[in-house]
Amino acid sequence: MAFSANQYSYTTFSQHITKTRFLPSKPLTNFTPSINKKNTILSHNKPLYISSLSKFSYVSKPDDSSSSIQCNAYEASRSQSIPINIEFDQENAAQKLKIGAYFATWWALNVVFNIYNKKVLNAFPFPWLTSTLSLAAGSLIMLVSWATRIVEAPETDSEFWKTLFPVAVAHTIGHVAATVSMSKVAVSFTHIIKSGEPAFSVLVSRFVLGETFPLPVYLSLLPIIGGCALSAATELNFNLIGFMGAMLSNLAFVFRNIFSKKGMKGKSVGGMNYYACLSMLSLLILTPFAFAVEGPQLWAVGWQKAVSQIGPNFIWWVVAQSVFYHLYNQVSYMSLNEISPLTFSIGNTMKRISVIVASIIIFQTPLQPITALGAAIAISGTFLYSQVLIYFYFLMNFS
């Protein structure tokens, strides 16, 4: 049945839509347009369903039938199919598949790196050299990629390297501190403490940068801090150096992100090439400190002992942890080019869960129930923090 709402103005109709927000399949129980009762058998006791709308425009004159709104409807007691066109967005689906592949690869590479890194550090407890080898492997991979044109080399200038320097300093400190931590404590414990990075991010932004956050953001930090504290207090193999290394790593990576955000705005280098440049500059910064803190004599003795105990597999462990360190970081920076920082933070949280679970299983790490509870609280708090940030991000940008 078709009817013409000649006396129903555009303004009134649009207000009605705003108030009711009806969909094509929702009963219109409150919508009563002007209808010629002599020519209709419409029952006022039954709701109407809108099946189509046409000529939806402003009615300049009440008696102008050509500008009226044509609305097709049927009564609730009748069944009438409504054609629905569902178009499959192949481009969007491909993008989601690509991001999913990035995340899966990122998590897998990170798990493999942490396993081999811990194996190396158990047999060869020299975190400064281990950290240096990780950066050297990544730098070599990218130099070869640029030389062979597998990857297009970035165009950089002195200003680029100047702004990258503080980022590289913070990255170097964070990388070494995390490696020192894992040389002293279990991989799972290091990552439980590192899940507290959001707390450092908020506190540094508040007291160093003067930024303020809504109250729910601060409240979301409580389970993170509480969970980390509970895990630290009940860790069976607690080590102060390992704990402080993880905490220092959190702080350093927060400053790395801040420097990167402030200094790299408008720069054309990003993703894979950005991380490659970061690795090379960090390698130049770290190498003299590694020689000063540990030195070739200690490395030689430790290397000979590790090879005699483990065999040739030890060399493969060193190569694997070095290569996989670069690969997982490279993929993470590539994924950051495709997604928002908020989505990236959620992915980072899920990455920690996969590393913690995998390391506990592979290394058979003894874990008290109360420690596991603390880890679950801290990681859940990290996820809650991400969700709160997402909520306020959309509230500020789309409200």
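Residues numbered from 1 in each chain as written. Predicted model: local features only at pLDDT ≥ 70, side-chain atom pairs only at ≥ 80, totals over all residues. Heavy atoms only, no water.

With that out of the way, let us pick up the side chain of asparagine 117. Looking at where asparagine 117 falls in the secondary structure, it is placed in helix H2 (residues 90-123). Ignoring any residue separated from it by four or fewer positions in sequence, one finds asparagine 117 in contact with Thr130, Thr179, Met182 and Gln321. (Helix = DSSP H or I, 4+ residues; strand = E, 2+ residues; numbered from the N terminus. Contact = heavy atoms within 4.5 Å.)

Further remarks concern the packing of helix H5 (residues 187-194) against helix H7 (residues 215-234). The interhelical angle for the contact between H5 and H7, taken along N-to-C directions, is 150°, at an axis separation of 9 Å. If you check the angle between H5 and H7, you find them roughly antiparallel. You can see that H5 and H7 cross each other, and the crossing is left-handed. Contacts from Phe189, Ile192 and Ile193 in H5 reach Cys228, Ser231 and Ala232 in H7. Taken together, the residues of the contact of H5 with H7 sort by class into five nonpolar, one polar and no charged. (Axes fitted to C-alpha atoms, helices over the stretch in contact; angles between N-to-C directions. Parallel < 35°, antiparallel > 145°, perpendicular 65-115°, else oblique. Left-handed = near helix turned anticlockwise from the far one by under 90°. Nonpolar A, V, L, I, M, F, W, Y, C, P; charged D, E, K, R; others polar.)

The subject of this paragraph is the UniProt feature "transmembrane region" (unreviewed entry) in the chain. This chain's UniProt record puts "transmembrane region" (unreviewed entry) on residues 99-116, 128-148, 240-259, 271-290, 310-328, 349-367 and 373-394. Note that residues 271-290 is 100% helix and 0% strand, and that its end C-alpha atoms are spaced 28 Å apart. A distance of 20 Å separates the end C-alpha atoms of residues 349-367, which is 79% helix and 0% strand. (UniProt positions renumbered as here; feature names shortened; annotations may be inferred.)

Overall, the coordinates contain 16 aromatic pairs when judged by the stated rule. Geometrically, the ring pair formed by tyrosine 325 and tyrosine 328 is edge-to-face, given 5.8 Å between the ring centres and 85° between the ring planes. One end of the pair, tyrosine 325, and the other, tyrosine 328, are both in helix H11 (residues 313-336), three residues apart, so they sit about a helical turn from each other. Both residues of the pair, tyrosine 325 and tyrosine 328, belong to the buried class. Members of the aromatic cluster, joined through ring pairs, are Phe124, Phe126, Trp303 and Phe314. In this structure, arginine 206 is placed above the aromatic ring of phenylalanine 207, and the distance from its NZ or CZ to the ring centre is 5.7 Å. (Phe/Tyr/Trp six-rings, centres within 6.5 Å; stacked < 30°, edge-to-face > 60°. Buried < 20%, exposed > 50% of the residue type's maximum accessible area, 1.4 Å probe, protein only. Lys NZ or Arg CZ within 6 Å of the ring centre and 35° of its normal.)

Now for the pattern of salt bridges. Tallied over the entire structure, the rule returns one salt bridge. Put simply, glutamate 197 and arginine 352 hold a salt bridge, and the shortest N to O gap is 3.9 Å. With glutamate 197 in helix H6 (residues 197-207) and arginine 352 in helix H12 (residues 341-363), the pair connects residues that are 155 residues apart, well separated along the chain. Residue glutamate 197 is classed as buried on the basis of its relative accessible area, which comes to 15%. (Salt bridge = Lys/Arg side-chain N within 4 Å of Asp/Glu carboxyl O.)

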